[in-house]
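Residues per chain are reported as follows:
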Amino acid sequence: MSDFSVEFRMPKGCPNCGNHMMKVSQEKNPDDRVFCTSCNTDVCAWADAEQILAETPRSEAEQLIEDVMNNKKPSTDDNH
Ligand SMILES: [Zn+2]
């Protein structure tokens, strides 16, 4: 049984309100739902959140957010 949930910051914001603070059950089972702490939207499953977190280094996530906020397009010309 899970009466406790833990909060964490997710690189991908809530689709409803854009909040990045999410909560999930303390057990963190792959099937457990991740909810927005602000509006309680069911954002995704913990397995999905874990993958997003694993694929997004913290600094890179911050950079992406800043780029979005400043509305500037990051250079993606990797193909030479
Ligand atoms: Zn939300």
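Our structure is the block above this text.
Calculation notes
- Residues numbered from 1 in each chain as written.
- Predicted model: local features only at pLDDT ≥ 70, side-chain atom pairs only at ≥ 80, totals over all residues.
- Helix = DSSP H or I, 4+ residues; strand = E, 2+ residues; numbered from the N terminus.
- Buried ≥ 20, exposed ≤ 12 C-beta atoms within 10 Å, placed from the backbone.
- Contact = placed C-beta atoms within 7 Å.
- Core = buried A, V, L, I, M, F, W, Y, C linked by C-beta atoms within 7 Å.

Assigned secondary structure in the chain consists of 2 helices and 4 strands. N-terminal to C-terminal, the α/β element order of the chain is β-β-β-β-α-α. Counting all 80 residues of the chain, 11% fall into the buried class. In the chain, the share of contacts with a sequence separation of at least 24, taken over all contacts with a separation of at least 6, comes to 24%.

Next up on the list: the nonpolar core. Within the largest apolar cluster, 9 residues are counted, these being M10, C14, M22, V24, V34, C36, V43, W46 and A49. For this core, the secondary structure elements donating two or more residues are β2 (21-25), β3 (33-36) and α1 (46-55). Not counting the four nearest positions on each side in its chain, M10 is found in contact with H20, M22, A49, I52 and L53.

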